[in-house]
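Here are the chains, one letter per residue:
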Amino acid sequence: MRLLLPNPGLDLRIPHYEDLERMEKDETADRPKWGSKAEYILTCVGFCIGISNVWRFPYMCQSHGGGAFLIPYVILLVLEGMPLLLLEFAIGQRLRKGSVGVWRAINPYLTGVGIASMLVSLLIALYYTPIIAWIMFYFFNSFQTPLPWSQCPLNENRTGYVQECQDSSTVDYFFYRVTMNSSASIEEWGGIQWQIVVSLLTAWTVIAICCIRGIATSGKVVYVTSCLPYIVLTIILIRGLTLKGSENGLKFLFTPDVSELTKATTWLDAGAQVFYAFGIGWGSLISFSSYNPVHNSCVKDSLMLTVVTGLTSIYAAAVTYTIIGFRATKNYDTCISDNIRTLLNAFDLAEDSITESNYDIAFNYLNSSFPDTVLGLDIKVCEIQKFLSEGAEGPGLAFIVFTEAINNMPGSVIWAILFFVMLFCLGLSSLIGTIEGVVVPLKDLNVFPKKWPYEARTGVTCAAAYIIGLLFTQKSGMYWVTLFDSFAGSISLLTIGLVELLIIVYIYGIDRFNEDIKFLVGHKPSIFWQISWRLTSPLILLVILIFYLVTQAQERLTYLVWDPNSEAFPTLSRIPYPLWINAVVFLLAGLPGLVVPAYAFCRLIFRSCKKKMLSRK
């Protein structure tokens with residue numbers, strides 16, 4: 001006997017199989033359709049493969065023992081991500097609605113699930129687009145020789161270089177001071193940075209144009225935005241493999257530190273990365289699948305997208321680590337050269353008496369023969385593993401590590417243009433899906449007048465998001481992006497994913513869902529899917545959610561700042577967030593999830609009051 005909660009009126013709220021067959025045959029459905037299967041697949045691939053594949057996934061690999069992170073990532077991709085992916089594909093294709101419409105059709109009290117997905121998509125779009133604006137700013141500055149981040153600017157008197165740049169590096173200075181003009185804390189707003197305002201306006205304008213008519217326009221754009229990054233990644237990989245030290249980066253990536261597999265945080269981060277990789281819980285995948293033919297093979301689509309997403313993540317990480325390996329090797333060689341120079345000067349040795357090949361032997365000899373003298377020298381510890389572990393997190397990987405490597409490549413201007421074109425395409429293809437997850441629910445909630453065309457709804461949504469996004473154009477804007485990136489899509493997505501599974505199994509009915517898939521693709525889902533939906537996927541999500549909450553509760557909220565007055569400068573300083581940030585974190589991480597019970601409770605109160613009023617009459 002299976003547990004199934006009462007859900008009266010379900011058969012009246014969802015279309016029958018005969019109705020779906022008739023609508024498809026007569027082409028009377030009011031929803032738009034994909035121009036081709038290729039448009040649908042490329043849109044899903046572009047949505048799932050975003051900028052995070054270039055910085056978030058490589059950073060996770062770096063933080064959790066290189067190849068060791070790939071093991072839990074692949075496992076959870078199959079056990080957690082793939083079942084949820086098929087669930088969203090199938091329910092959207094079956095009910096022919098967006099995220100709000102799907103859950104409202106199953107039960108009106110569940111409308112909050114769709115609203116929660118919409119809020120997550122909106123929050124992610126708000127901070128994702130400023131990153132696109134930074135990319136565009138770098139892209140427009142790439143048409144210069146030399147590149148503006150390859151040398152320090154002159155000071156006001158033009159008698160030397162800017163001290164802040166000399167104390168740090170050219171790439172750090174260009175990102176933190178020229179581009180962001182960063183303040184020393186999130187509390188120092190610092191006023192609007194007009195170069196970012198203009199870039200942000202340009203970014204939102206491009207997004208609005210691409211999404212202006214929904215899949216009619218975005219379905220064509222993805223032929224470029226989804227395919228071009230693979231071409232550019234391949235070009236960069238070929239170039240990266242020719243660079244000195246690239247093999248060190250690849251070895252670091254694919255050599256697992258098995259001890260990391262015993263740490264809970266490795267599995268937690270892998271589970272969270274799966275949600276970011278697929279875009280599960282954003283509502284966009286449900287909308288995309290609703291535009292498919294009734295009998296589209298959603299099972300094959302979910303399998304294919306899982307393979308493509310997993311392989312692309314690993315492929316992008318390999319490309320990234322050829323660059324990280326090159327940068328680490330260059331820094332290692334510089335470190336050794338500085339030490340050699342120090343030893344030659346201190347002991348008045350001939351210039352060629354110590355080289356990179358005999359450095360270790362020479363250093364050990366001098367250290368054993370003259371220990372007091374060597375101890376007083378500024379000898380740096382030079383370890384290739386240390387330099388490989390110094391890759392930056394998040395935007396720093398793209399705007400600092402990659403640009404530093406590009407500076408040292410012949411034809412740096414061409415490589416810079418190619419790199420930022422790739423990042424722009426990755427970001428744009430993801431935002432196309434994200435905006436779909438906002439505009440469609442707003443329409444289903446009747447936020448816009450019914451007479452408004454899709455173009456007007458998209459334009460107003462993008463304009464409103466641009467105005468809100470001016471928050472990220474302040475001097476403290478980078479810190480706000482980091483805050484949103486850390487909390488806007490964390491707990492909420494895990495909660496939404498778990499709730500979706502519970503709804504399908506215990507409210508919609510897993511037996512009904514199995515019959516739906518049989519109607520859609522011609523056969524019932526296999527035992528793997530049955531076990532995943534009923535047991536493994538919800539259990540994994542629940543464990544990850546609990547451990548995530550426990551881990552976050554024990555940690556003190558801190559963030560990295562660029563502060564030239566800090567003693568640690570040019571290293572970024574880690575400082576605690578102000579207390580009022582806790583309220584912002586609650587809104588970002590908790591509000592979307594709380595909308596689900598809040599909407600159900602408000603609806604219950606409203607209906608109770610309405611019944612009392614009618615009974616009095």
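Structural data are supplied above this passage.
Residues numbered from 1 in each chain as written. Predicted model: local features only at pLDDT ≥ 70, side-chain atom pairs only at ≥ 80, totals over all residues. Heavy atoms only, no water.

## Looking at the nonpolar core
Move 1: Trp103, Ile106, Tyr127, Leu423, Phe513 and Trp533 are the most contacted members of the largest nonpolar core, which totals 192 residues.
Move 2: Among the elements that line this core, the one with the most residues is helix H16 (residues 298-347), at 18 residues.
Move 3: Residue contacts for Trp533: discarding those within four places in its chain leaves Pro83, Leu86, Leu87, Leu501, Val505, Ile510, Phe513, Asn514, Ile517, Pro525 and Pro538.
Move 4: Residues Ile115, Met118, Val438 and Leu442 belong to the second largest nonpolar core, which totals six residues. (Core = buried A, V, L, I, M, F, W, Y, C linked by side-chain atoms within 4.5 Å. Buried < 20%, exposed > 50% of the residue type's maximum accessible area, 1.4 Å probe, protein only. Helix = DSSP H or I, 4+ residues; strand = E, 2+ residues; numbered from the N terminus. Contact = heavy atoms within 4.5 Å.)

## A look at the side chain of Ser246
Move 1: One can find Ser246 in helix H13 (residues 246-254).
Move 2: A polar contact of 3.4 Å, which involves the side chain of Ser246, links it to the backbone oxygen of Gly240.
Move 3: Polar contacts involving the side chain of Ser246 include one to the main-chain carbonyl oxygen of Leu241, which spans 3.4 Å.
Move 4: Every residue in contact with Ser246, bar those within four places of it in the chain, is listed here: Gly240, Leu241, Tyr321, Thr322, Gly325 and Phe326. (Polar contact = N/O pair within 3.5 Å; in protein donor to acceptor, adjacent residues only side chain to side chain.)

## Concerning unusual backbone geometry
Move 1: Here the amide bond leading from Thr145 into Pro146 is cis, since omega sits at -5°, within 30 degrees of zero.
Move 2: Summarising the element assignment, Pro146 is placed in the loop between helix H7 (111-140) and helix H8 (163-167).
Move 3: The phi angle at Asp348 is positive, at roughly 50°, despite the residue not being glycine.
Move 4: Tracing the backbone through its elements, the reader meets Asp348 in the loop between H16 and helix H17 (359-369).

## A few points about the state of the cysteines
In protein chemistry, a disulfide is the covalent bond that joins the sulfur atoms of two cysteines.
Move 1: Applying the stated criterion to the full structure yields two disulfides.
Move 2: Bridging Cys152 to Cys165, the disulfide has an S-S length of 2.0 Å. Here the S-S torsion is close to -80°, and the disulfide linking Cys152 with Cys165 is therefore left-handed. Of this pair, Cys152 sits in the loop between H7 and H8 while Cys165 sits in helix H8; the two residues are 13 residues apart in sequence, bridging distant segments of the chain. An identical accessibility class is assigned to Cys152 and Cys165; each is buried.
Move 3: Residue Cys335 pairs covalently with Cys382 via a disulfide, S to S 1.9 Å. Disulfide Cys335-Cys382: the torsion about the S-S bond is -80°, which places it as left-handed. Taken together, the residues Cys335 in helix H16 and Cys382 in the loop between helix H18 (371-375) and helix H19 (384-388) connect sequence positions 47 residues apart.
Move 4: Once the disulfide-bonded cysteines of the protein are ranked by sequence position, their pairing pattern turns out to be 1-2, 3-4.
Move 5: Take Cys48: it sits in no disulfide, and the sulfur closest to it among the cysteines is that of Cys44, at 6.5 Å.
Move 6: Under the relative-accessibility criterion, Cys48 is labelled buried at 2%.
Move 7: Lacking any disulfide linkage, Cys61 is separated from the closest cysteine sulfur, that of Cys48, by 18 Å. (Disulfide = S-S within 2.5 Å.)

That is the geometry; function is a separate question.
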